[in-house]
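# Structural features, examined
These are the residues of each chain, in order.
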Amino acid sequence: LHLLSVADSGRLDEVRKLVGGWSEQPPLLRDYMWTSLATARAQLWLQLGDRRALADLRRLLEPYADRFATFGLTAFFGGQIAHTVGQLALALGDEAAGRAHVDFARRAYAERDLHEWVGRADRTLVDPTASLFGPVG
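Residues numbered from 1 in each chain as written. Predicted model: local features only at pLDDT ≥ 70, side-chain atom pairs only at ≥ 80, totals over all residues. Heavy atoms only, no water.

Applying the stated rule across the entire model yields 10 salt bridges. One salt bridge connects Asp-13 with Arg-16, and the closest N-O pair in it is separated by 3.6 Å. You can see Asp-13 and its partner Arg-16 sitting in helix 2 (residues 12–19), 3 residues apart, about one turn around the helix. Exposure remark for Arg-16: the relative accessible area of 38% places this residue in the partly exposed category. Between Arg-112 and Glu-111 there is a salt bridge, with its nearest N and O atoms 3.7 Å apart. With relative accessibility at 45%, the residue Arg-112 sits in the partly exposed group. Taking the relative accessible area as the measure of exposure, Glu-111 reaches 61% and is therefore exposed. It is possible to trace a salt-bridge network through shared partners that takes in Arg-52, Asp-56 and Arg-59. (Salt bridge = Lys/Arg side-chain N within 4 Å of Asp/Glu carboxyl O. Helix = DSSP H or I, 4+ residues; strand = E, 2+ residues; numbered from the N terminus. Buried < 20%, exposed > 50% of the residue type's maximum accessible area, 1.4 Å probe, protein only.)

Before going further, it helps to examine the packing of aromatic side chains. Overall, the coordinates contain 4 aromatic pairs when judged by the stated rule. Aromatic side chains Trp-22 and Trp-45 sit 5.2 Å apart centroid to centroid with 75 degrees between the ring planes, which places their arrangement in the edge-to-face category. Of this pair, Trp-22 sits in the loop between helix 2 and helix 3 (34–48) while Trp-45 is found in helix 3, placing the two residues 23 residues apart along the sequence. Looking at Trp-22, the relative accessible area reads 13%, which means it is buried. We note Arg-30 situated over the ring of Trp-34; from NZ or CZ to the ring centre the distance is 3.9 Å. (Phe/Tyr/Trp six-rings, centres within 6.5 Å; stacked < 30°, edge-to-face > 60°. Lys NZ or Arg CZ within 6 Å of the ring centre and 35° of its normal.)

Residues other than glycine seldom take positive phi values, yet Asp-113 does so here, at roughly 60 degrees. Relative to the helices and strands, Asp-113 is located in the loop between helix 6 (95–111) and helix 7 (115–126). The exposure class of Asp-113 is exposed, given its relative accessible area of 54%.

Soluble globular proteins tend to pack their nonpolar side chains together in the buried interior. Counting residues in hydrophobic clusters, the biggest one holds 32 residues, and the most contacted among them are Val-15, Leu-44, Trp-45, Leu-61 and Leu-88. Elements represented by at least two residues in this core include exactly helix 1 (2–8), helix 2, helix 3, helix 4 (51–61), helix 5 (81–91), helix 6 and helix 7. At 7 residues, the largest contribution of residues to this core is made by helix 3. Contact partners of Trp-45, with chain neighbours within four places excluded, come to Val-19, Gly-20, Gly-21, Trp-22, Gln-25, Asp-50, Ala-53, Leu-54 and Leu-57. (Core = buried A, V, L, I, M, F, W, Y, C linked by side-chain atoms within 4.5 Å. Contact = heavy atoms within 4.5 Å.)

Geometry only, nothing functional implied.
Here's what the structure looks like:
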């Protein structure tokens, strides 16, 4: 999450030096936080633009697209996993699947009155690499 904050501040070259290549990344532990950490990792690699990372993360997350990425709502809320999967699909050029996932997430947000996240979903359709954790607007 710290690296995502650094990336959100526009310091992508610094992040690239710190994280190394996609093949150097440690595996995600399959514990109670893994989907949340996988969505955070996806947000980082969306900004870094590595297509192999995006494809791998999409494959990893897509089976869980109907869930929210949380561990302790007050500690971390990563939105609908479908939202991140949609970003990955859009960034990889799969427009139809990307829009379908983002629309699914947008409906889930709207049903729960998560208005800020509805705005984030709308923003994703304009800029799929925009961080879900950065400011809206």
